[in-house]
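Residue strings, one per chain:
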Amino acid sequence: MLRVEQLSHSFRNAQETVQVLYDINLVVEKGEMVALLGSSGSGKSTLLNLMAGFMKPSTGRVYIGEKDIVTLNENRLAEYRRRHIGFIFQSYELIPSLTVRENVELPLVFHTESPSKRKKKAMLLLEQVGLAEKADMFPSMLSGGQQQRVSIARSLITEPYVIFADEPTGNLDTRTEQEILAILQQLNLDLHTTFVIVTHETEVAEQMGRIITLKDGHLA
Ligand SMILES: Nc1ncnc2c1ncn2[C@@H]1O[C@H](COP(=O)(O)OP(=O)(O)OP(=O)(O)O)[C@@H](O)[C@H]1O
Ligand SMILES: [Mg+2]
């Protein structure tokens, strides 16, 4: 489902080039729930953003499904990302002027599905994350944990090959964190959705099926 080969990455600025990832190789199978664990600055977000196609690595390959997304041009990559890759952000990134249901539907706006079909799919997912009754509210009326549940539903609506999450419980208290992790685990079981979840907390990582550890840009 996801395969990273010989990936390295450096950031360049006017003065210097700083290498942050070194020869990363990893495979994630369909239906796996993998934690990407490491301390601050170890390169977790950089690796996640490279795997999700938000930027291109200095060298290496990233296969999602059967496609090496590194070789796609900007337009094709954006299209591929929209169709096949899901993302959950630490700060939810919901659109404040859209209702909860409209936020969940948003990734499908570029697809060919009819509005009524889109709506039905969004409502099903909102039920799955326990928020059907909030469908017509706006994000600002929801708690942080509820907003993250909306963003989880949104990430699922295109039935992506893989969902990447960068510290999805980083803004939440411990109890809400456990609720969100339980929802992700349930979705992983029910829908066989493949997740790669960044965290710097060992206790969070231990609740995933497998832990991949990054240390100073190297996979342990
Ligand atoms: N756009 C950028 N330009 C230059 N350096 C960057 C850039 N983004 C990240 N870095 C550097 O790359 C290294 C890894 O950063 P990254 O954000 O991937 O770490 P992280 O493991 O996600 O940390 P945290 O747990 O704090 O989120 C850091 O040293 C950071 O300063
Ligand atoms: Mg980070």
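Here the structure is a predicted model, which means the values were calculated and not measured.

1. Let's talk about the overall build of the protein chain
Line of reasoning, step 1. Tallying secondary structure elements over the protein chain gives seven helices and 10 strands in all.
Line of reasoning, step 2. A compact globule built from 220 residues would reach a C-alpha radius of gyration of about 17 Å, and the protein chain, at 17 Å, matches this within 12%.
Line of reasoning, step 3. Overall, the C-alpha framework of the protein chain stretches about 50 × 40 × 35 Å when taken along its three principal axes.
Line of reasoning, step 4. A separation of at least 24 residues holds for 71% of the contacts in the protein chain among residues at least 6 apart in sequence.
Line of reasoning, step 5. For the protein chain, the distance from the average site of its 23 positive side-chain charges to the average site of its 27 negative ones is 8 Å.

2. Concerning the packing of aromatic side chains
The geometry of an aromatic ring pair comes down to the distance between the two centres and the angle between the two planes.
Line of reasoning, step 1. Using the criterion set out here, one finds three aromatic pairs in the structure.
Line of reasoning, step 2. Between Phe54 and Phe89, the ring centres sit 6.4 Å apart and the planes meet at 45 degrees, which makes this aromatic pair tilted. Of the two residues, Phe54 sits in the loop between α1 (44–51) and β4 (59–64) while Phe89 sits in the loop between β6 (85–88) and α3 (100–105), which places them 35 residues apart along the sequence.
Line of reasoning, step 3. The structure contains a cluster of three or more aromatic residues connected by ring pairs, namely Phe54, Phe87 and Phe89.
Line of reasoning, step 4. The aromatic ring of Tyr63 is capped on one face by Arg3, whose charged end is 4.3 Å from the ring centroid.

3. Regarding the layout of surface pockets
Line of reasoning, step 1. A volume near 450 Å³ is recorded for the largest pocket.
Line of reasoning, step 2. What lines the largest pocket is a set of 17 residues, among which Arg81, Arg82, Ile85, Phe87 and Pro107 lie closest to the centre.
Line of reasoning, step 3. Listed by contribution, the elements that provide at least two residues to the lining of the largest pocket are α2 (74–84), β6 and α5 (144–156).
Line of reasoning, step 4. Classifying every residue of the lining of the largest pocket gives 10 nonpolar, three polar and four charged.
Line of reasoning, step 5. Around the second largest pocket sit 15 residues that line it, and Leu125, Leu156, Glu159, Leu191 and Thr193 are the ones nearest its centre.
Line of reasoning, step 6. At four residues, the largest contribution of residues to the lining of the second largest pocket is made by helix α4 (residues 115–128).

4. Some details on empty space enclosed by the protein
Line of reasoning, step 1. Applying the stated criterion across every chain yields a total of one cavity of 30 Å³ or more.
Line of reasoning, step 2. One number sums up the size of the largest cavity: a volume of about 30 Å³.
Line of reasoning, step 3. In this structure, the largest cavity is lined by Leu50, Gly53, Met55, Lys56, Pro57, Ile69, Val70 and Leu77.
Line of reasoning, step 4. Looking at the lining of the largest cavity residue by residue, the class counts come to six nonpolar, one polar and one charged.

5. Things to note about the sheet that holds strand β9 (residues 210–215)
Line of reasoning, step 1. Spatially, six strands are ordered β6-β7-β8-β3-β9-β10 in an open sheet, and the strand pairing comes out mixed. Two strands bound the open sheet, and with one partner strand each, they are β6 and β10 (218–219).
Line of reasoning, step 2. Bridge count for β6 against strand β7 (residues 162–166) is four bridges, and the pairing is parallel. Bridge pairing in β7 places Phe87 opposite Phe164.
Line of reasoning, step 3. Most of the contacts of α2 go to β6, to which it runs at about 75 degrees, and overall it touches β6 and β7.

6. Considering α1
Line of reasoning, step 1. For α1, the buried fraction is high: six of the eight residues fall into the buried class.
Line of reasoning, step 2. Just past α1, the residue Gly53 takes up positive phi, approximately 80 degrees.

Conventions used here
Residues numbered from 1 in each chain as written. Chains lettered and ligands numbered in written order. Predicted model: local features only at pLDDT ≥ 70, side-chain atom pairs only at ≥ 80, totals over all residues. Heavy atoms only, no water. Helix = DSSP H or I, 4+ residues; strand = E, 2+ residues; numbered from the N terminus. Rg over C-alpha atoms; globule rule 2.2 N^0.38 Å. Contact = heavy atoms within 4.5 Å. Lys, Arg positive; Asp, Glu negative; His and termini not counted. Charge placed at Lys NZ, Arg CZ, Asp CG, Glu CD. Phe/Tyr/Trp six-rings, centres within 6.5 Å; stacked < 30°, edge-to-face > 60°. Lys NZ or Arg CZ within 6 Å of the ring centre and 35° of its normal. 1 Å grid on protein atoms, 1.4 Å probe; cavity = no way out; pocket = protein on both sides within 12 Å on 5 of 7 lines; lining within 4 Å. Points joined across faces, edges and corners; volume = space filled by probe spheres on them. Nonpolar A, V, L, I, M, F, W, Y, C, P; charged D, E, K, R; others polar. Pairing = 2+ DSSP bridges. Axes fitted to C-alpha atoms, helices over the stretch in contact; angles between N-to-C directions. Buried < 20%, exposed > 50% of the residue type's maximum accessible area, 1.4 Å probe, protein only.

In short, the description is geometric, and any link to function would need to be established separately.
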